[in-house]
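# Structural overview for review
Listed below are the residues making up each chain.
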Amino acid sequence: FPLAFGYLMLQKGKIRVVLEDIIPIAEKNQEIPVRVIVRNASHRFAARYRIELSVENEFTGEVLRHGVSGTVKAGQEEKQVILLRSSRCGNLIIRLEKCWLYDSLGILRTALLNGRKAAFRRRREMAVQRQSVGILPDCHLIPVEVTRRTREFPADADEYSERESGDDPSETY
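Because the structure is predicted, anything quoted here is derived from the model rather than measured. (Residues numbered from 1 in each chain as written. Predicted model: local features only at pLDDT ≥ 70, side-chain atom pairs only at ≥ 80, totals over all residues. Heavy atoms only, no water.)

Another point: the sheet that holds strand E6 (residues 77–85). The strand order E1-E3-E6 describes an open sheet built from three strands, whose pairing is antiparallel. The open sheet terminates on both sides in strands that have one partner only, identified here as strand E1 (15–19) and E6. On average, adjacent strands in this sheet sit at an angle of 20 degrees to one another, irrespective of strand direction. Judged from the nine bridges that link them, strand E3 (residues 31–40) and E6 form a sheet pairing that is antiparallel. Considered in E6, the bridge of Pro33 is made with Leu83. (Pairing = 2+ DSSP bridges. Helix = DSSP H or I, 4+ residues; strand = E, 2+ residues; numbered from the N terminus. Axes fitted to C-alpha atoms, helices over the stretch in contact; angles between N-to-C directions.)

What follows is the structure, encoded as structure tokens:
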């Protein structure tokens, strides 16, 4: 246990977790790829981790959690892709909630990111670990034929009428 604890304390400062930019708008029931990059700055030890994302629909207040686990080798980075799908329209807020670092046997763990309990530097990084995606309703193509009569229709008159009021609310008659 003392060796595993020492390993976790050494590795804790070497691991960085970054939520990559997400597409800002998607359609309902469309897959939204969320990429999480885990960097290991250590030159000797690989790191086992578990990441938890929360996805909140601002309109309904519904919150879903998605998790992914993996191992990143020493001095490398690993990209994890989580595919999200929303069956409702509105604004989705995607947050990188928690990241746990495990020892080599998977017995002990420590939190890398954990909201209010994190150190100041980690809290500053957590503020960036939030993205929003606007979910639009299903889009359908509407066939429209623009005829010559439509194109040449005068939308606004070039002159003001002294006898009739217009439809501009800022105009005083």
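Another point: the pattern of salt bridges. For the coordinates displayed, the defined rule picks out five salt bridges. Residue Glu56 is joined to Arg95 by a salt bridge in which the shortest nitrogen-to-oxygen separation is 3.2 Å. Placement of the pair is Glu56 in strand E4 (residues 47–57) and Arg95 in strand E7 (residues 90–102), with a sequence separation of 39 residues. Of the residues examined, Glu56 reaches a relative accessible area of 23% and is grouped as partly exposed. (Salt bridge = Lys/Arg side-chain N within 4 Å of Asp/Glu carboxyl O. Buried < 20%, exposed > 50% of the residue type's maximum accessible area, 1.4 Å probe, protein only.)

Next up on the list: the side chain of Asp103. Residue position: Asp103 is located in the loop between E7 and strand E8 (109–114). Buried charge Asp103 goes without a salt bridge, the closest partner of opposite sign being Arg48 at 5.7 Å. A polar contact of 2.8 Å, which involves the side chain of Asp103, links it to the backbone nitrogen of Gly106. (Lys, Arg positive; Asp, Glu negative; His and termini not counted. Polar contact = N/O pair within 3.5 Å; in protein donor to acceptor, adjacent residues only side chain to side chain.)

On to unusual backbone geometry. Its identity as a non-glycine residue notwithstanding, Asn29 has a phi of 65 degrees, on the positive side. Structurally, Asn29 can be placed in the loop between strand E2 (25–27) and E3.

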